[in-house]
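Residue-level listing of the chains:
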Amino acid sequence: MSINFRHRCAQSLARAKVELESADPERLKYAALELRMAIEAITYDRAQSYRDELPPSEYETWQPKELMLQLLEIDPMAGMTRRVSMGRQDVMGVPAQKMTLLGTESVFGLALIRKYYDALGSYLHSPTLKTIEKKGEHDLVRMKHKCSVILQRLGVVLSSNFTSNFGAFAEFKCNFRHCGGNIRSRLPKGQAVVIGTCFSCKAMYKIIPDEGSQFQWLPLAEDVQCPTDFCNEIVTIWAHEKKPGNYWECVGCKHKFQLRLSAYEVMTDP
């Protein structure tokens, strides 16, 4: 399901602008609240473009800073503003002679989130006795100026032509016990091996990029002979299954086995 978070951001900005234009200083805290929601919405919009690379568990992350940190782990360019141009190559791999500017993508990145999101939050709580003694009540003039700056910065981001996610990717179907889930992993330039994970069943694969857009993918699994004396069956145990307490059943002798951790004393010469 795709959600129009940019529209939600625009609605929050519109409401924040109304509150900032009010003659009642008590309305400033509502402007701060709307601006925080706008920052959340524009960060969720960014994350949505990485939905095929972001584990579903991370969708539960509502804090913009934590979510942006997850995106930067996936793609170090996720928080950068960039200009995007397009051109037709005469020779494959050689930059085009003529490029057409498509537009500028402005991003409300990690630095801006760290600078403004928590600062806005401080205006949404009554100052403590200690805060009042040290700093006094909220400085409403400063608060209004800060809200105006954030409103302007978010407006620039919202006016961007598009939200993009560029990169080279490996895409294939998971074959762990007929799972069939889609796996999409980014292939960073110059990285020899990438580990891809199926979000459906947690199976892991070693992805080896080849020349051009080709790649090999190999299950992270190990073939183990059945421990039963009279059985020669080979069982494949995947990396994500190697957890103490997990059971596996031999298809040959039908015996069940449990994985456990063991410690051995290593003898060395004196």
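Quick note: structure is the one above.
Residues numbered from 1 in each chain as written. Predicted model: local features only at pLDDT ≥ 70, side-chain atom pairs only at ≥ 80, totals over all residues. Heavy atoms only, no water.

We now examine the side chain of D75. Note on placement: D75 falls in the loop between α3 (64-74) and β1 (82-86). Judged by its relative accessible area of 5%, D75 is buried. Setting aside its immediate chain neighbours within four residues, D75 contacts Y50, N165, F166 and R186. (Helix = DSSP H or I, 4+ residues; strand = E, 2+ residues; numbered from the N terminus. Buried < 20%, exposed > 50% of the residue type's maximum accessible area, 1.4 Å probe, protein only. Contact = heavy atoms within 4.5 Å.)

This part covers the packing of aromatic side chains. Scanning the entire structure with this criterion turns up 8 aromatic pairs. Relative to Y205, the ring of F172 has its centre 5.3 Å away and its plane inclined at 80°; by these criteria the two rings are edge-to-face. Of the two residues, F172 is situated in strand β3 (residues 169-173) and Y205 in strand β6 (residues 204-209); the sequence distance between them amounts to 33 residues. Classification of F172 by relative accessible area gives buried; the value is 9%. Assessed through its relative accessible area of 0%, Y205 is described here as buried. Where F176 meets W238, the ring centres are 5.0 Å apart and the plane angle is 75°; that geometry is what we call edge-to-face. Of this pair, F176 sits in the loop between β3 and β4 (182-186) while W238 is found in strand β9 (residues 234-238), placing the two residues 62 residues apart along the sequence. In this structure, F176 and W238 share a single accessibility class: buried. Three or more aromatic residues joined by ring pairs form one cluster here, namely F172, F176, Y205, F215, W217 and W238. (Phe/Tyr/Trp six-rings, centres within 6.5 Å; stacked < 30°, edge-to-face > 60°.)

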